[in-house]
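Coordinate inspection notes
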Amino acid sequence: MRAKKPRATHLILFILSIFSAYLYIDRANIGTAAGVMKEEFGLTNVQLGVMFSAFSYAYTSIVWIGGWLADRYGVRATLFVCGTVFSIGTIFTGLAGSWTELLLARGIVGLGEAPSNATISRALVSWTRPLHRGFAISVTHGSSRLGTAITPPLVAWLITMTSWRGSFLVLGTLGLVLMTVWLYYYRDDPRTHPSITPDELVGLDPPETQSRVPYFRLLRRYVPSIVTFFCYGWTLWIYLNWLPSFFAQNYHIDLKTSAILSSTVLVAGILGDLSGGILSDRLLARTSSLLISRTYLISGSFLATIVCMVPILISADITVVTIALMLAFFFVQTSVSPQWLVTMDISPRFVGTAGCFLSIGFALSGMLSPTVFGYLVDALGNWRGAFGASMILLAAGAVSALWLRPDRPFVEGVSREGPKIESYSKVLSANQAADRI
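Note that the structure is a prediction, hence the values are computed from the model and not measured.

1. Looking at the pattern of salt bridges
According to the stated counting rule, one finds 7 salt bridges in the structure shown. The salt bridge partner of R27 is E113, with a shortest N-O separation of 2.7 Å. Taken as a pair, R27 in helix 1 (residues 8-41) and E113 in helix 4 (residues 99-113) lie far apart in primary sequence, 86 residues in all. For E113, a relative accessible area of 0% puts it in the buried group. One salt bridge connects R405 with D407, and the closest N-O pair in it is separated by 2.7 Å. Judged by its relative accessible area of 2%, D407 falls in the buried class.

In structure tokens:
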């Protein structure tokens, strides 16, 4: 029997997932190599934190227009240019000869990655039916957590096989290969893809590139999203940058063991991302309520994360703390897909620009979190106070999430937000009909 040809929509989702995984490998690799780099360059924890933050300073400088680039010029060109830039930045990291050059190289990686998440979100709007967007975004973000989870053992293995410099050279080269595949296969409009089938086009509503984007009106609308994503990002940056150092310094274990423990913790984020998107889709299908399936799910995830982090403050047992870190990471990651889905609910025509606002919150947290966390560890002489600060910000995020209001869509050309959506049932019915075709 002839093998069934993969559907174009599935392959696009697969490529976007690989891209998402690579983004976070590139973002988290510095955390695993930090111990070796610290020894070679004679750095303090504060200097390490500044090096971690260099990514976010550059990221923040361009992220505010990153999604706009995708809305204006298309996903294909935007991601290709961005991916090429951050792959080159990764190669330069491996060639750095001083702390200053490390800061510059990480800045180049930040510049390249800034538009990426918002641009991926824009691609999903074009290539995914509305009822399936929660699942699709959970797959891409779950892949990013997979990338985060495999980074510690992968980079530790590459360091063992080559050196910390060699690990960055290898990963940067792989990024350039991935960008070549992306440029060859992806199309901004699914209708122009050579492998698309008519049944795959049913229910898709690919947005056109926009000649004018109401940027500042959208910015005002998304202030609660920026605050909420900042609070989420603060905790995520701790996991991405400090987890291997936490295990190594707090429990006096070697690089290999700390990498394994870090990877074990980060695996929970994959399950959290997948669960968040799927649960959001199911809640929406069952209740037809955007508030329940998005807002309350986000707020509840933050509160559950706080509860799970309590043992980190009161226990010195490495097993208890590892389990607590896993559970906390699972719950904080269940909030990610619903937060991105809110941008699709409020302004699907400008989802790239809306996504860049979430990235602004993420970038601001990345500027502050690694450095402040390192300062608190050095100043207090322990890690508890630094984790306690994260819990306070998560509580603030749980409150700010209540102001997201995905049930009030953005309406172009009017001064106020759109009328409240009492029920999503008509949209669900239309998409369920498309699924049956």
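Once the structure has been displayed, the description carries forward.
2. Brief notes about a nonpolar patch on the surface
Judged by side-chain polarity, I88, F92, L95, L169 and L176 come together as a nonpolar surface patch covering roughly 390 Å² of accessible area. Those elements giving two or more residues to the nonpolar patch turn out to be helix 3 (75-95) and helix 7 (164-185). With 3 residues, helix 3 is the single largest residue contributor to the nonpolar patch. As for its position among the elements, L169 is in helix 7. Residue L169 is classed as partly exposed on the basis of its relative accessible area of 30%.

3. A word on the packing of aromatic side chains
Within the structure shown, the criterion is met by 31 aromatic pairs. Note on W242 and F373: the rings are 5.9 Å apart at their centroids and 35 degrees apart in plane angle, and the pair reads as tilted. With a gap of 131 residues between them, W242 in helix 10 (residues 223-251) and F373 in helix 15 (residues 351-380) connect regions that are remote in the sequence. Each member of the pair, W242 together with F373, is buried. Centroid distance F246 to W383: 5.2 Å. Interplanar angle 75 degrees. Geometry classified as edge-to-face. Placement of the pair is F246 in helix 10 and W383 in the loop between helix 15 and helix 16 (384-400), with a sequence separation of 137 residues. For F246, a relative accessible area of 4% translates into the label buried. Aromatic ring contacts, followed pair by pair, group F52, W242, F246, F247, Y251, F373, W383 and F387 into a single cluster. In this structure, R27 is placed above the aromatic ring of Y24, and the distance from its NZ or CZ to the ring centre is 4.4 Å. Across from the ring centre of Y73, 5.2 Å away, lies the NZ or CZ of R72, which sits over that ring.

Reading guide: rules and limits
- Residues numbered from 1 in each chain as written.
- Predicted model: local features only at pLDDT ≥ 70, side-chain atom pairs only at ≥ 80, totals over all residues.
- Heavy atoms only, no water.
- Salt bridge = Lys/Arg side-chain N within 4 Å of Asp/Glu carboxyl O.
- Helix = DSSP H or I, 4+ residues; strand = E, 2+ residues; numbered from the N terminus.
- Buried < 20%, exposed > 50% of the residue type's maximum accessible area, 1.4 Å probe, protein only.
- Patch = residues over 30% accessible without salt bridge, like charges linked within 9 Å, V, L, I, M, F, W, Y side chains within 5 Å.
- Areas by Shrake-Rupley, 256 points an atom, 1.4 Å probe, with all protein chains shown as cover.
- Phe/Tyr/Trp six-rings, centres within 6.5 Å; stacked < 30°, edge-to-face > 60°.
- Lys NZ or Arg CZ within 6 Å of the ring centre and 35° of its normal.

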